[in-house]
Amino acid sequence: MRIVQANVVYDPAAKTPADLLDLYRTLTEWSTAVAAAGAEVSVVQRFHTAATVERDGVRYEFVKDKDTPWLSTKGAPPAFVDAVVKESADVIHVNGLIFPQLVATIREKARARAAIVVQHHGGEFPIRGSGLVGMWQRERWKRGLAAANAISFTSREQAEPWRASGVLGNQRVIEIIEASTTMREVSRERARTAIAASGSPLILWVGRLTTNKDPLTVLDGLERALPQLPDARVLMVFGDDTLIDSVAERVRQSALLADKVTLVGQVDRDEMPNYYCAADVFVSGSHSEGSGYALIEAMSAGVVPVVTNIPSFRAIAGDAGARWTPGDAEHLAHVLVAVCSNSLDAQKAAAKARFDQVLSWKAIGDRTVAEYRALDRS
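Note that the structure is predicted; figures quoted are calculated from it, not measured. (Residues numbered from 1 in each chain as written. Predicted model: local features only at pLDDT ≥ 70, side-chain atom pairs only at ≥ 80, totals over all residues. Heavy atoms only, no water.)

Quick look at the overall build of the chain
Within the chain, the secondary structure is distributed over 16 helices and 14 strands. Taken over 378 residues, the chain has a buried fraction of 54%. Counting contacts in the chain only where the partners sit at least 6 residues apart, residues at least 24 apart contribute 70% of the total. Accessible surface, the chain as shown: approximately 16,100 Å² in total, 49% of it carbon and sulfur. Once the 43 positive and 45 negative side-chain charges of the chain are each reduced to a mean point, those two points are 6 Å apart. (Helix = DSSP H or I, 4+ residues; strand = E, 2+ residues; numbered from the N terminus. Buried < 20%, exposed > 50% of the residue type's maximum accessible area, 1.4 Å probe, protein only. Contact = heavy atoms within 4.5 Å. Areas by Shrake-Rupley, 256 points an atom, 1.4 Å probe, with all protein chains shown as cover. Lys, Arg positive; Asp, Glu negative; His and termini not counted. Charge placed at Lys NZ, Arg CZ, Asp CG, Glu CD.)

Structural notes on the packing of aromatic side chains
Counting across every chain of the model gives 4 aromatic pairs. Their ring planes at 70 degrees and their centres at 5.4 Å tell us that Tyr10 and Phe47 sit as a pair that is edge-to-face. Here the residue Tyr10 occupies a position in the loop between strand S1 (2-7) and helix H1 (17-23), and Phe47 occupies one in strand S2 (residues 40-47), the gap between them amounting to 37 residues. For the pair formed by Tyr10 and Phe47, the shared burial category is buried. Ring centres of Trp70 and Phe99 lie 6.3 Å apart, and the angle between their planes is 50 degrees; on these two criteria the pair is classed as tilted. Of this pair, Trp70 sits in the loop between strand S4 (58-64) and helix H3 (78-86) while Phe99 sits in the loop between strand S5 (91-95) and helix H4 (100-109), placing them 29 residues apart in sequence. Residue classification places Trp70 among the exposed positions, given a relative accessible area of 56%. The class of Phe99 is buried, set by a relative accessible area of 3%. The structure contains a cluster of three or more aromatic residues connected by ring pairs, namely Tyr10, Phe47 and Phe62. (Phe/Tyr/Trp six-rings, centres within 6.5 Å; stacked < 30°, edge-to-face > 60°.)

Quick look at the packing of helix H8 (residues 215-225) against helix H9 (residues 244-252)
One can describe the packing of H8 onto H9 by two numbers: an axis separation of 10 Å at closest approach and a directional angle of 10 degrees. As summarised for this structure, H8 and H9 are arranged roughly parallel, according to the angle between their axes. Like other packed secondary-structure pairs, H8 and H9 cross with a definite hand, here right-handed. Residues Pro215, Leu216, Leu219, Asp220 and Glu223 of H8 lie in contact with H9, whose contacting residues are Ser246, Val247, Arg250 and Val251. Tallied by class, residues from the contact of H8 with H9 come to 5 nonpolar, 1 polar and 3 charged. (Axes fitted to C-alpha atoms, helices over the stretch in contact; angles between N-to-C directions. Parallel < 35°, antiparallel > 145°, perpendicular 65-115°, else oblique. Left-handed = near helix turned anticlockwise from the far one by under 90°. Nonpolar A, V, L, I, M, F, W, Y, C, P; charged D, E, K, R; others polar.)

What to know about H3
Among all positions of H3, only Phe80, Val81, Ala83 and Val84 are buried. For H3, the buried positions fall inside an angular range of 160 degrees around the axis, keeping them on one side. Turned more than 90 degrees away from the buried face of H3, the exposed residues are Pro78 and Lys86. Residues of H3 that are buried in the fold lie against S1, S2, S4, S5 and H4. (Arc of directions from axis to C-beta.)

Looking at the packing of helix H12 (residues 293-300) against helix H15 (residues 344-359)
For the pair H12 and H15, the least separation of the axes is 7 Å and the interaxial angle reads 115 degrees. Along its contact with H12, which presents Ile296, Met299 and Ser300, the element H15 presents Ala351, Lys352, Arg354, Phe355 and Leu359. Residues of the contact of H12 with H15, tallied by class, amount to 5 nonpolar, 1 polar and 2 charged.

Some details on the sheet that holds strand S6 (residues 115-119)
Taken together, 8 strands build an open sheet; the order of strands is S3-S4-S2-S1-S5-S6-S7-S8 and the sheet is mixed. Only two strands of the sheet have a single neighbouring strand rather than two, namely strand S3 (51-55) and strand S8 (172-175). Adjacent strand axes in the sheet meet at a mean angle of 25 degrees when their direction is disregarded. Taken together, the 4 bridges between strand S7 (residues 150-153) and S8 define a ladder with parallel strand orientation. Among the inter-strand pairings, Ser152 is bridged to a residue of S8, identified as Ile174. (Pairing = 2+ DSSP bridges.)

Laid out in structure tokens, this is it:
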């Protein structure tokens, strides 16, 4: 089976195709994993320079055009579409559920037996408003996405608002985790030494300081839970610091949080294995996520997830750890204390087993090929 992955956006900061591939690890690792599962995989990538690159047995075709790096929802660059169609693939995998015109144009030009799968990569349903404008926008998106044979979500539940809006019709919905990790493993002792961390348990937050990630509710919940976890320590790793003033002030105003919580800030990607491997519990306050990269990385290190009860996190974590209601600090405190009152070693082993069986690149590659073969036969 031949699969072509069509990736229509790119980071203009990347100067060369090799730079972009180094930056887009999910793009390359997905392709390698699916190829390892038995498919013949190629990638067509929009870029500011035309080139062909071979990496790990996958061919990457870079197509140049004059459109902006982040393509409009109405965009369908002819050279890019032609390059995708030229691959004569059995399945055309389109990254992003926000390019309806691209999907429609590929369908128009591709051979009839080629199946098109569009993969959701996060974000809320993008069309707002009512009246004639809203109706016209929704109809435009519906026509475009109707050209797809299937839509891939991390969780089937994520399709519900798209269906309720009338944008998705009766397309098949496939549930496949969108990404994994190849993060290196570090022993707990070595990791803790490297970052000079301690705590029993050591609780880790990794995420942007934004309202969607809701760090203030997490801090409220920690303040309620920490008196029952006297030896615990908390590390907060973040890049985006939109709410840093509010977060720092919240920590300063509480003697308990000031003593227990360390605002680490941004950490180099190569250093992140030390933080994950040092931790016992991973906490997140997200209200919505396309998947959950930090959660997946944490579980690859066997960190116990205590995360919000949202569709993507339920699909990723399964029975590992525990879930809490977004925005409910009291519920977070209750769940966190309950998790830490049981054997963390057993729960960490369960989180790691969940990663190996469901979240690893091998598991994702195998599931993708199986689902796409079924589409190819239907």
